[in-house]
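What follows is the residue order along each chain.
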Amino acid sequence: MRRMVMAWAALACMAAPARAHEFWLAPSAYRASAGDTVSLRVYVGTGFRGELKPYAPSRTVRFLLRATRELDLSRAARNGDRVMARFVAPDDGGALVAYQSNFADIELPSADFDRYLADEGLDAVRAARAQKPSGATARERYARSPKTWIAGTDSTRASRPVGLDYELVPRGAPGARSALTVQVLFRGRPLAGALVRAWHRPLADPTHPVDAAARDSVAPVLRARTDGRGLATLAIDAYGEWMLSSVHMRPSADREEADWESYWASLTFAKPLP
Amino acid sequence: MKTRARAAWLALLCLAGATRALAHDAPYSFLDLRLGPGGLDGALTAHVFDLAHELGVAAPDSLLDSTRATAVADRLARVLGGRLRLVADGRAVPPRWTGIAVDRDRQALTLRFEAKWAHAPGALDVDARLFPYDPQHETYLNVYQGDSLRLQALLDHRHAHARVYDRGAQGRWAVVATFVGAGIQHIFLGPDHVLFVIGLLLLGGGLARLLKVVTAFTLAHSVTLALATLRLVDPPARLIEPLIALSIVLVGVENLRSRPGRDHRAVLAFLFGLVHGFGFAGVLRQFGLPSEALGWSLFSFNLGVEVGQACIVATVAPLLGMVRDRSSSGSTLVVRYGSCAVMLAGAYWLGQRLLLAAHG
């Protein structure tokens, strides 16, 4: 029986990609007018299908809302709350929500780690590992910095950097045009050669997303690498809910904790029906 | 191995026809404790996916049936109870499981329990590694006392322990006892601080002078310890640790350069005391500061550091005084060779820490 289970597991593993998990903010609505209440949840998963992740103050470095002004949301929820925050839109200008976690750690068998590097386009790390013999496992610590844009009339709220460690900064209002240029910043500086991937799902109605836990995983529909100025342009031409995600990895600054440290940035938004 | 077990379980479920609802990318559970004068009431909520794994049940959703949940309650209590340890003021308080409820919204089961004590404890320790085969599993621990939320913690495979202090007088005493001990321990286990203090004492001097030197060190490190603990100033350890080593080298150099009428130890003690304070703060943070008793823990840790320092001064200063009284040439040799030893040790740490910083 045990052998059979392991065989099934092997089959399942062959069929599935390396389990790298995106992490994204999901607002209850992707557009809000003055007075509308929006609640915020965060999901972790693969292929833009995920499980709700409760809020943990001890993991939170920053959690802010940018609307008419910037508000600290880090005390808006308690440990374990599944809704991370609720806010009432102060005007029709739109709102940007940004979150940054501290490091969590994971240890993966080397083969899985290499597969995950390939999936995420982390070629420099793959090359570095190929040059140097590595152990049976790879120790990684990862930090996450998702953002979401709740559309409104003031696109500058979305297009100004927040100052997260790793950040996708849209040039203009996400979803407003058929192409979106994003700048990828690592500690405030443009990062060249970063892979940005995009996933797309239909909306439940013109502004509300489908529950991310109750849908199937999908493959990314777009990929682009950033140029020397950290810019990547993606053709956001389908209506619906979008997630852009990028991962940056480098040798860990704390070798006792981990061999590698990765930074995960995402940006969710909706392209509305005309 | 743990990951493999989880993968096997996931594969089994997938191949059995389960689809999207069963994928479990973020494994977590909730542990809520409500403290009262006579004991605590607890609720442990875990996802049916994880519980099914424990029970060897192929269809996790079947546990959402209340009859089925009641039938497995005792087995779950035995398994999870063995992985949950509650210790009140050093004494284990075993949970008594009182019931189970289905939480469909969270796709989870909630197991209720209680634990009794004769007197409300000053400190309650919680150890919970509820699903030890899964390194990604996290437990959201909330501890309430009356209406107030005393502790919010996230327990995982590396940090499976949390401590909460009572909000009354017994809690404050527990904080003081814990952190005074931590301060004393840190001074004696940290040879760099001990050597810096000994280096300052080598030249000797009257009680007033020694008091001035030690007070300068104390004042300085108290200020930076508080600033860094409150995160008002937070220099990186890779900068602070080499500077602490450098301070030890310089105190040795200063001793060797000393002439009658030239004693800069108090200034040195103050300047480098600022740096040592940041080092203390790093240790204090690693120790885990209780946010509900930040002021008391900071004060107590500082007090412990002072007690440790006072012990060193009380031991070393009379010994050096005895040598000086017996022979002035012996005293000179102690200062010279002692200072060289202090410098060498400091130089060794400096090199080691610079290398670490360069490669870190």
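Draft legend 1. Representation of the overall build of chain B in the model. Helix and strand content of chain B: ten helices and ten strands. A compact globule built from 360 residues would reach a C-alpha radius of gyration of about 21 Å, whereas chain B, at 27 Å, exceeds it by more than 25%. For chain B, the spread of C-alpha atoms along the three principal axes comes to 90 × 50 × 35 Å. Counting the 360 residues in chain B, one finds 50% classified as buried. Across chain B, every contact between residues at least 6 apart in sequence was considered, and the portion connecting residues at least 24 apart equals 73%. Here chain B displays about 16,900 Å² of accessible surface, and carbon together with sulfur accounts for 61% of that area.

Draft legend 2. Highlighting the overall build of chain A. Along its length, chain A carries four helices and 17 strands. By principal-axis analysis of the C-alpha atoms, chain A measures approximately 55 × 45 × 35 Å. Classification of the 274 residues of chain A by burial places 53% in the buried group. A fraction of 71% describes how many contacts in chain A between residues 6 or more apart in sequence connect residues 24 or more apart. A total of about 11,900 Å² of accessible surface is found on chain A, and carbon and sulfur atoms cover 52% of it. Here chain A carries 38 positive and 30 negative side-chain charges, and the mean point of each set is 1 Å from the other.

Draft legend 3. Expanded view of the packing of helix 8 (residues 265-287) of chain B against helix 9 (residues 294-326) of chain B. Residue and element names in this part refer to chain B. Put simply, helix 8 and helix 9 touch, their axes get as near as 11 Å, and they point 125 degrees apart. With respect to each other, helix 8 and helix 9 are oriented oblique. Crossing angle aside, the handedness with which helix 8 passes helix 9 is right-handed. In this structure, helix 8 contributes Phe280, Val283 and Leu284 to the contact, and helix 9 contributes Leu298, Phe301 and Val305. In terms of residue class, the contact of helix 8 with helix 9 is made up of six nonpolar, no polar and no charged.

Draft legend 4. Just the domain arrangement of chain B, in detail. All names here are of chain B. Per the domain assignment, the segments of chain B are domain 1 (25-167) and domain 2 (171-359). Contact with domain 1, which involves eight residues of that partner, is made by eight residues of domain 2. When domain 1 packs against domain 2, close to 610 Å² is buried across both sides, 52% of that on carbon and sulfur atoms. On the domain 1 side of the interface with domain 2, the three residues burying the most area are Arg150, Arg163 and Tyr165, jointly 68% of the side's total. Put simply, domain 1 and domain 2 have zero salt bridges between them. Where domain 1 meets domain 2, there are one residue pair in polar contact (both at pLDDT 80 or more).

Draft legend 5. Fine view of the nonpolar core. Residue and element names in this part refer to chain B. The biggest cluster of nonpolar side chains holds 45 residues, and the ones touching the most others in it are Phe196, Leu201, Leu225 and Phe301. Taken together, the elements giving at least two residues each to this core come down to helix 4 (169-189), helix 5 (191-201), helix 6 (207-229), helix 7 (237-257), helix 8, helix 9 and helix 10 (328-359). At nine residues, the largest contribution of residues to this core is made by helix 8. The residues touching Phe196, leaving out its near neighbours within four places in the chain, are Phe217, Ser247, Ile248, Val251, Leu268, Ala269, Phe272 and His276. In this structure, Ala46, Leu130, Leu155 and Ala162 belong to the second largest nonpolar core, which totals 40 residues.

Draft legend 6. Structural context of the sheet that holds strand 4 (residues 91-92) of chain B. Residues and elements named next belong to chain B. One open sheet holds the four strands; their spatial order is 4-3-7-10, and the pairing between them is antiparallel. Each having just a single partner strand, strand 4 and strand 10 (161-165) make up the two edges of the open sheet. Of the pairings in the sheet, the one linking strand 7 (residues 123-128) to strand 10 comprises five bridges and is antiparallel in character. Bridge pairing links Asp127 to His161 in strand 10. On the sheet, helix 4 packs against strand 7 and strand 10 and is oriented at approximately 130 degrees with respect to strand 10.

Draft legend 7. Broad picture of a nonpolar patch on the surface. Residue and element names in this part refer to chain B. A cluster of nonpolar side chains, contributed by Leu219, Val267, Phe270 and Leu271, occupies part of the molecular surface with about 380 Å² of accessible area. For the nonpolar patch, the leading source of residues is helix 8, giving three residues. Inspection of the secondary structure assignment puts Phe270 in helix 8.

Draft legend 8. Spatial organisation of the packing of aromatic side chains. Evaluated as defined, the whole model comprises 17 aromatic pairs over all chains. Summarising the aromatic geometry, the rings of Tyr55(A) and Phe63(A) are spaced 5.9 Å apart at their centres and angled 40 degrees between planes, so their arrangement reads as tilted. With a relative accessible area of 1%, Tyr55(A) lands in the buried category. A ring pair is formed by Phe196(B) and Phe217(B), whose centres lie 5.2 Å apart and whose planes are at 45 degrees; its orientation type is tilted. Of this pair, Phe196(B) sits in helix 5 while Phe217(B) sits in helix 6, placing them 21 residues apart in sequence. Neither residue differs from the other here; Phe196(B) and Phe217(B) are each classed as buried. One aromatic cluster in this structure is built from Phe23(A), Tyr55(A), Phe63(A) and Tyr99(A). Positioned above the aromatic ring of Phe103(A) is the side chain of Arg141(A), whose terminal nitrogen or guanidinium carbon lies 4.0 Å from the ring centre. A cation over a ring is seen here: Arg106(B) above Phe30(B), with NZ or CZ 4.5 Å from the ring centre.

Draft legend 9. Geometry of unusual backbone geometry. Positive phi, normally seen in glycine, also occurs at Phe48(A), with a value near 65 degrees. When you line up the elements, Phe48(A) lands in the loop between strand 2 (37-46) and strand 3 (49-52). Positive phi values are uncommon outside glycine, yet Asp89(B) reaches one of about 50 degrees. Note that Asp89(B) resides in the loop between strand 3 (84-88) and strand 4.

Draft legend 10. Structural context of the sheet that holds strand 5 (residues 96-103) of chain B. Residue and element names in this part refer to chain B. Read from one edge of the open sheet, six strands run 5-6-2-1-8-9, paired in mixed fashion. Edge positions in the sheet fall to strand 5 and strand 9 (148-155), since each has one partner strand and no second. Averaged over all pairs of adjacent strands, the angle between their axes in this sheet comes to 15 degrees, without regard to strand direction. By the bridge criterion, eight bridges tie strand 1 (residues 28-35) to strand 8 (residues 138-145) in an arrangement that is parallel. Paired with Leu31 across the two strands is Leu141, which belongs to strand 8. The strands touched by helix 2 (residues 48-55) within the sheet are strand 1, strand 2 (39-47) and strand 6 (108-116), with strand 2 carrying the most contacts at an inclination of about 90 degrees.

Draft legend 11. Representation of the packing of helix 2 of chain B against helix 3 (residues 66-81) of chain B. All names here are of chain B. Running from N to C, helix 2 and helix 3 cross one another at 90 degrees; their axes reach a closest spacing of 11 Å. What the angle tells us is that helix 2 and helix 3 run roughly perpendicular. Of helix 3, the residues touching helix 2 (which contributes Leu51, Glu54 and Leu55) are Val72, Arg75, Leu76, Val79 and Leu80. Considered class by class, the residues forming the contact of helix 2 with helix 3 number six nonpolar, no polar and two charged.

Draft legend 12. Local environment of helix 2 (residues 110-120) of chain A. Among the residues making up helix 2 of chain A, those that are buried are Ser110(A), Phe113(A), Tyr116(A), Leu117(A) and Glu120(A). Projected down its long axis, helix 2 of chain A carries its buried residues within an arc of 120 degrees, all on one side.

Rules used throughout
- Residues numbered from 1 in each chain as written.
- Chains lettered and ligands numbered in written order.
- Predicted model: local features only at pLDDT ≥ 70, side-chain atom pairs only at ≥ 80, totals over all residues.
- Heavy atoms only, no water.
- Helix = DSSP H or I, 4+ residues; strand = E, 2+ residues; numbered from the N terminus.
- Rg over C-alpha atoms; globule rule 2.2 N^0.38 Å.
- Buried < 20%, exposed > 50% of the residue type's maximum accessible area, 1.4 Å probe, protein only.
- Contact = heavy atoms within 4.5 Å.
- Areas by Shrake-Rupley, 256 points an atom, 1.4 Å probe, with all protein chains shown as cover.
- Lys, Arg positive; Asp, Glu negative; His and termini not counted.
- Charge placed at Lys NZ, Arg CZ, Asp CG, Glu CD.
- Axes fitted to C-alpha atoms, helices over the stretch in contact; angles between N-to-C directions.
- Parallel < 35°, antiparallel > 145°, perpendicular 65-115°, else oblique.
- Left-handed = near helix turned anticlockwise from the far one by under 90°.
- Nonpolar A, V, L, I, M, F, W, Y, C, P; charged D, E, K, R; others polar.
- Domains from an automatic or database assignment.
- Buried area = accessible area lost by both parts, 1.4 Å probe.
- Salt bridge = Lys/Arg side-chain N within 4 Å of Asp/Glu carboxyl O.
- Polar contact = N/O pair within 3.5 Å; in protein donor to acceptor, adjacent residues only side chain to side chain.
- Core = buried A, V, L, I, M, F, W, Y, C linked by side-chain atoms within 4.5 Å.
- Pairing = 2+ DSSP bridges.
- Patch = residues over 30% accessible without salt bridge, like charges linked within 9 Å, V, L, I, M, F, W, Y side chains within 5 Å.
- Phe/Tyr/Trp six-rings, centres within 6.5 Å; stacked < 30°, edge-to-face > 60°.
- Lys NZ or Arg CZ within 6 Å of the ring centre and 35° of its normal.
- Arc of directions from axis to C-beta.

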